[in-house]
Amino acid sequence: MTALRQRKGNRGKDPGPSVQNLKPDCTAEPRERFATGGFSWWTILCVMTGSIVGISLGLLCCIYVATLHENDLWFSNIKEVEREISFRTECGLYYSYYKQMLKAPSIQQGLYELIHDDTTESKRTINILQRMNIYQEVFLSILYRILPIQTYLEPIYFYIYTVFALQTVYVIALFITSWLLSDSWLAGALSGVWYILNRVDTTRVEFTISLRENWSIPFFALQVAAITCYLRPQLKPIHQRVVLWLVFVSTFCFCLTWQFNQFVLLVQALIIFTLDCLDFLTAEQVVSLYLMQVLSLLLVWLLQFCNSMILGSLVLSFIVSALFIKHFQTGLKTGGFVIRVGKLALHTLLVLTLTFTINYSAKKILQLKSDEHIFKFIKAKFGFGATRDFDASLYLCEEAFGLLPLDTFERLAGTVLLYPYLCTLSVLFILLLLVALSNLSTNGSGQASREKEDRTFRIRPDVAYNLLHTVFFGLLAFSTMRMKYLWTGHMCAFAAFGVCGKEVWSLYLRVLHCNTKTTMRLIRYSVPIVILAFLYYKFWPRLMEEISELREFYDPDTVELMEWIRLKTPKRAVFAGSMQLLAGIKLCTERILTNHPHYEDQALRERTRQVYQIYARQSAEEVHKVLCSVGADYIVLEDSICYERRHSRGCRLRDLLDLANGHIMDGPGENEPDLIPATHPRFCEAIKTDMPPYSTLFTRVFKNKTFNVYKLKKLKKKNKAENGP
C-alpha cells in the first residue's frame, strides 16, 4: 500500500560520595573539600559541564528523530490528509482525539464529547477518558488553545514536536542514571551517544509518533533515575522525601500515558521484592517504593473514571500481598543460612498464593475481562493455551510479539555497546550473588551489621537495583520483541556505568594487583574518551548520510479513499473494515466506526472478530446480518488482507479466521484433522463476482487498486421475515 519514494536533493574501594556530589572525582582535593561542605570551583565546573553535555545530547536526539521524520515523509510539503494518513493504525486513533478536542467549540464541550463518545464504536456510547490513555492528547489540545502560538505553529506540528521533545527527557534521564551510578558525567555522555547510535533498537518514535510507549517510556526512565537517586547511600532524610516525590510524579505520568503500565510496574515490583528478600534494601525503602506505585495507580484509576482494569491488575494484588505478608512475617531476616532460605521460600510462596487469590477474587467481583486477551497470549506463547484462539493468534503471529531476533545483538555489538554491557552484567551479577549469599548467612544482629560494613566485596543498593532492572527487563525483551524498548535504553546507561564506574574496574584491578587511585582514575577517564572518539570516527559520517537521504510520502490509493469518503458519504455514516484502516478513516473523515485498534475491551474484541468475517468463508446473508447488527452502512475491503502474502500460511488473517471457525485453511499444506471444508467461498473474493446473493445485499460504490467499498442494502421487512430472525 504505502511506499516511500526517493526524493532528489541533499539536506573502587570507595563506596562513593553522597548523592549531592553529582560530579566526577576529577582530583582527590576537590572531593575532600566537597566532603567537608565546601564547593570548589572545580566541582561547580564539572557539574555545569556535565549538565550542559546532558541537555545538549538530549536536544541532539530530539533534532535527529525530527529530521528523520521530516526527511522520510517530506512532512512539511505533503497535504494535510497525507500527514494524517501517516499516523498508522492506533496512532491515528489517538491523534483523532487531539484533533477532535481542537475542533470542539470549547474545552468543556470537547471533554463532554470524549466522555459521551458515540462515534468510535457504532451503537455504543463510551467514555474515551476511561477506556483509553489519552490524557496527553487532552492536555496538549488545551495547551494549544491557550498558548498564543496558533498563528505560526500548526496543531499537528505542536503535537509531533512535543513527542520528539520527550526524547530529550529520555536521554537526560539516562544521562542522570549513569552519572549517579558512576559519579562521572562521562558515563552520561556515553549513554546518550549509545542511545542515539542504536536508534533502531532503542526507539521507533520517528515513525510511530502517537504510540503510548513513546509518551510513557521517557517518564519511566525518569522514574528509574529517581529511584537510583533515592537508593544512593548517605542520602539525607530531607533529600529522600524530595526524591520520593519525584518517584511518585514520574510513576504517575508513566501510568497515565500507557495502558500497559500495570505489567511494567509488576516487573518493577518483583525487582523490589527480590532486593528486599536478599537484604539489599531497608524496610522503609521497600514500603516507600511500593506505596509510590500504589498511589500512582490509584490516582490514575480516579482520573480514568474508576477503570476496573487497574483495580484488577496483578501489580496491585502483588503489592498488597507482599506488604501484608511482610507485616506478619516479622522474623523473616533472622536465623542461619538454611533457616533464612526456608523462610524466604515460604514467604515467596505465601505472597504468590495470596496475590493470585486476591486477583482472582477482584476480577470475579468486578466482572473484569478487559485484559484476558493478554493472559491468553502469554499462555499460548509458552504452550499452555489454545492456539486457535483468535485474539491470542493475532498477537502470536505479529513479529513484534515474537522472540527477540538475534540480529539485534549484531547491531548492538556494532556500536561497541554489547561488550561492556555483558562484561558489567556478568561481573556484577556474580558479585550480587556472592553478597546475597553473605547477607543470607547473617542473622540481622548488630554484630552481623558490623560484619557487613567490613566486607571486602560490597554492592550499593542503587547498583543492585539497576542490575536487577536490566536483568528482569532483558528477560522480558527476550520473550517479546516489542518490550525491548524498555530494556535497550537502560542498557545504554548500565553499560556506560560499567565503563566509567569503580565497581567493575576495581575488581579487575584487584585481580591484576594494581588497584591504585591513579590507575583507577586513568582508566575511568581514558576508556570512555577512547570509545567516544571511536564512535565519532565510525558513525558520524553515517549519521550525516542518513539525515541527508530524502524521501516522500506516497500512498495515492488511501488518499483517494479518504477523499471519497469525506465528499461522497453522509457525515453519520458507519464504516466497517480492518482495525488499522478504520483508525485512519476516523481521523481523516470523522466517520463512525464499528471497531478500532484499541483492543483493551472484551466486547470490542468480540465485535472485531465478527466484523472480520468479511475475510472469512461465510455466506453473504451471514455477513450482512453481522454488519447490520453493528450498524454498518459501508464495508471497506482491502486486497492486501484478502490476498495477504506478508505472513506465512497459518498467520494470515484469513487463516486465523478459518481456524477460529473450524475451517480448513487456503493453499498447500497440512491441516489439523478436526478442521472441515467451508460450505461457502471466501466473502472478500466472492463479493467481487457481483452475483446473487451478493448483488442483492451489497452494492459496490468505490474501487481502486487497493480498496473496494460496498454499501449495505437494507432488507425490506418482507425479506427479513423470510430470512428469519
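Keep in mind that what you see is a predicted model, and the values were worked out from it rather than measured.

(A) The arrangement of the confidence of the model for the protein chain in detail. Residues with a pLDDT of 70 or more make up 91% of the protein chain, whose mean pLDDT is 89. The low-confidence segment residues 718–725 (pLDDT under 50) makes 3 contacts with residues lying over four places distant or belonging to another chain.

(B) Inspection of the state of the cysteines at higher detail. Under the counting rule described, the total for this entry stands at 2 disulfides. In this model cysteine 397 forms its disulfide with cysteine 651; the gap between the sulfur atoms is 2.1 Å. Taking the torsion about the S-S bond as the criterion, the cysteine 397 to cysteine 651 disulfide, at about -75 degrees, is left-handed. Here cysteine 397 is found in the loop between helix H19 (390–396) and helix H20 (407–414), whereas its partner cysteine 651 is found in the loop between helix H31 (639–642) and helix H32 (653–661), with 254 residues between them in sequence. Residue classification places cysteine 397 among the buried positions, given a relative accessible area of 14%. When the bonded cysteines of the protein chain are numbered from the N-terminus onward, they pair as 1-3, 2-4. Cysteine cysteine 253 shares no disulfide, and the gap to the nearest cysteine sulfur, in cysteine 255, comes to 9.4 Å.

(C) Representation of the pattern of salt bridges within the structure. Per the stated rule, a full pass over the model turns up 36 salt bridges. As a salt-bridge pair, aspartate 279 and lysine 333 come within 3.4 Å of each other at their nearest N and O atoms. With aspartate 279 in the loop between helix H13 (261–277) and helix H14 (283–303) and lysine 333 in the loop between helix H16 (314–328) and helix H17 (337–366), this residue pair connects regions lying 54 residues apart in the sequence. According to the relative accessible area criterion, lysine 333 is partly exposed, its value standing at 21%. Residue arginine 551 pairs with glutamate 549 through a salt bridge whose shortest N-O separation is 2.9 Å. The structure contains a network of salt bridges with shared partners spanning Asp183, Arg232, Arg460, Asp462 and Glu503.

(D) Fine view of the domain arrangement of the protein chain. You can read the domains of the protein chain as domain 1 (162–548) and domain 2 (556–712). Between the C-alpha centres of domain 1 and domain 2 there is a distance of 42 Å. Opposite the 16 residues of domain 1 that make contact, domain 2 presents 21 residues. Between domain 1 and domain 2 the total buried area reaches about 1600 Å² when both faces are included, carbon and sulfur atoms providing 57% of it. When the buried surface of domain 1 facing domain 2 is broken down by residue, Arg388, Phe390 and Cys397 rank first, second and third, together holding 47% of it. The interface formed by domain 1 and domain 2 includes 2 salt bridges. Between glutamate 398 and arginine 646 there is a salt bridge; the shortest N-O distance is 3.7 Å. The interface formed by domain 1 and domain 2 includes 3 residue pairs in polar contact (both at pLDDT 80 or more). Elements that contribute at least two residues to the side of domain 1 that touches domain 2 include exactly helix H18 (372–381) and H19. The biggest single contributor to the side of domain 1 that touches domain 2 is H19, with 5 residues. Here the side of domain 1 that touches domain 2 is built from residues that sort into 7 nonpolar, 4 polar and 5 charged.

(E) Region of interest: the sheet that holds strand S3 (residues 574–576). Strand order in this open sheet of 5 strands is S4-S3-S5-S7-S6, and the pairing throughout is mixed. Edge positions in the sheet fall to strand S4 (592–593) and strand S6 (698–703), since each has one partner strand and no second. Sheet strands in contact with helix H27 (residues 556–568) are S3, strand S5 (634–638), S6 and strand S7 (707–712), and its direction is about 25 degrees off that of S7.

(F) Layout of the nonpolar core. Ranked by size, the top nonpolar core spans 180 residues in total, and within it Phe87, Ile134, Tyr159, Trp194, Phe280, Tyr290 and Ile585 carry the most contacts. Among the elements that line this core, the one with the most residues is helix H8 (residues 155–182), at 16 residues. Formed jointly, this core draws a minimum of three residues from each of two domains, domain 1 (162–548) and domain 2 (556–712).

(G) The arrangement of empty space enclosed by the protein in detail. As a volume, the largest cavity reaches approximately 90 Å³. In this structure, the largest cavity is lined by 13 residues; those nearest its centre are Tyr170, Leu174, Phe220, Ala221 and His490. Those elements giving two or more residues to the lining of the largest cavity turn out to be H8, helix H11 (212–230) and helix H24 (488–500). Grouping the amino acids of the lining of the largest cavity by side-chain chemistry returns 9 nonpolar, 4 polar and no charged. Together, Gln167, Tyr170, Tyr195, Thr202, Thr203, Arg204, Glu213, Asn214, Ile217, Pro218 and Tyr485 line the second largest cavity.

Cut-off values and rules
- Residues numbered from 1 in each chain as written.
- Predicted model: local features only at pLDDT ≥ 70, side-chain atom pairs only at ≥ 80, totals over all residues.
- Heavy atoms only, no water.
- pLDDT = per-residue confidence, 0-100.
- Contact = heavy atoms within 4.5 Å.
- Disulfide = S-S within 2.5 Å.
- Helix = DSSP H or I, 4+ residues; strand = E, 2+ residues; numbered from the N terminus.
- Buried < 20%, exposed > 50% of the residue type's maximum accessible area, 1.4 Å probe, protein only.
- Salt bridge = Lys/Arg side-chain N within 4 Å of Asp/Glu carboxyl O.
- Domains from an automatic or database assignment.
- Buried area = accessible area lost by both parts, 1.4 Å probe.
- Polar contact = N/O pair within 3.5 Å; in protein donor to acceptor, adjacent residues only side chain to side chain.
- Nonpolar A, V, L, I, M, F, W, Y, C, P; charged D, E, K, R; others polar.
- Pairing = 2+ DSSP bridges.
- Axes fitted to C-alpha atoms, helices over the stretch in contact; angles between N-to-C directions.
- Core = buried A, V, L, I, M, F, W, Y, C linked by side-chain atoms within 4.5 Å.
- 1 Å grid on protein atoms, 1.4 Å probe; cavity = no way out; pocket = protein on both sides within 12 Å on 5 of 7 lines; lining within 4 Å.
- Points joined across faces, edges and corners; volume = space filled by probe spheres on them.

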